[in-house]
Amino acid sequence: MTTQRWNDEMLDGLASNVDEMRESITELRESVSDVRDSIDGLRVTTQALLQVAAQNQLRMDRFDEEMALVKQRQAENDERFNVLLEEVRYLIRGNKAE
């Protein structure tokens, strides 16, 4: 194995590479920090959206329950109307017979 002696030019090149790597690492750290901030913001937004979705689902469930009650009442009213209609028809037939 041969050893190589470092000259000033080689040391300057190494120092330049080290400086470039240090700058790249600093930029990378800043980028990672920005990404973390973005992730935190997305997490907050996601939680807010999930809360809104849950509230909307609750409203929809209540609406469905209310609609079922309205349909039930409508069916009951229709039934009452049909009974009254039959009674009116019966009375009309009774009056015609007299």
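Details of the structure are given in the entry above.
Everything in this summary refers to the structure shown in the same document.

1. Quick look at the overall build of the protein
Of regular secondary structure, the protein possesses 1 helix and 0 strands. Overall, the C-alpha framework of the protein stretches about 135 × 25 × 20 Å when taken along its three principal axes. In the protein, which comprises 98 residues, the proportion classed as buried is 0%. Side-chain charges in the protein split into 13 positive and 21 negative, and the spacing between the mean points of these groups amounts to 12 Å.

2. Digging into helix α1 (residues 8–97)
End to end, α1 covers 130 Å across 90 residues, agreeing with the expected 134 Å (1.5 Å per residue, within 8%). A side-chain oxygen of the first residue of α1 lies 3.1 Å from the backbone nitrogen of E9; this N-cap is N7.

3. Brief notes about a negative patch on the surface
On the surface, a cluster of negative charge is made up of E20, E23, E27, E30, D34 and D37. Mapped onto the elements of the fold, E20 is located in helix α1.

4. Here we look at the pattern of salt bridges
Tallied over the full model, the rule gives 3 salt bridges. Here R22 ties to D19 by a salt bridge, and the two come within 3.4 Å at their closest N and O atoms. Placement of both R22 and D19 in helix α1 is noted, with a separation of 3 residues, approximately one turn of the helix. Assessed through its relative accessible area of 51%, R22 is described here as exposed. A residue is classified by how much of its surface remains accessible, and D19, at 39% relative accessible area, is partly exposed.

5. Overview of a nonpolar patch on the surface
A cluster of nonpolar side chains, W6, L11, L14 and V18, forms an exposed patch at the surface whose accessible area comes to about 370 Å². Checked against the element boundaries, L14 lands in helix α1. The exposure class assigned to L14 is partly exposed, which follows from its relative accessible area of 41%.

Basis of the calculations
Residues take numbers from 1 onward in each chain, read along the sequence in its written order. With pLDDT at 70 or above as the cut-off, local features in this predicted model cover only qualifying residues; side-chain atom pairs require 80 or more to be listed or tallied, and sums for whole chains, interfaces and linings still use all residues. To obtain the side-chain values, all non-hydrogen atoms of the structure were used and water was disregarded. Helix numbers and strand numbers start at the N terminus; a helix is a DSSP run of H or I with at least 4 residues, a strand a run of E with at least 2. Whether a residue is buried, partly exposed or exposed follows from its accessible area with a 1.4 Å probe, protein chains only, as a fraction of its type maximum: under 20%, in between, or over 50%, in that order. We score Asp and Glu as negative and Lys and Arg as positive, and we do not count His or the chain ends. A charged residue contributes its charge at one atom only: NZ of Lys, CZ of Arg, CG of Asp or CD of Glu. For a helix, the expected span equals 1.5 Å multiplied by the residue count minus one. Think of a polar contact as two N or O atoms within 3.5 Å of one another; within protein, one of them needs to be a possible hydrogen donor and the other a possible acceptor, and neighboring residues in sequence only count if both atoms come from side chains. Exposure above 30% relative accessible area and the lack of any salt bridge qualify a residue for a patch; like charges then connect within 9 Å, and the nonpolar side chains Val, Leu, Ile, Met, Phe, Trp and Tyr within 5 Å. The Shrake-Rupley method, run with a 1.4 Å probe sphere, supplies the accessible areas, and residue values consider only the shown protein chains as cover. Any Lys or Arg side-chain nitrogen located within 4 Å of an Asp or Glu carboxyl oxygen qualifies as a salt bridge.

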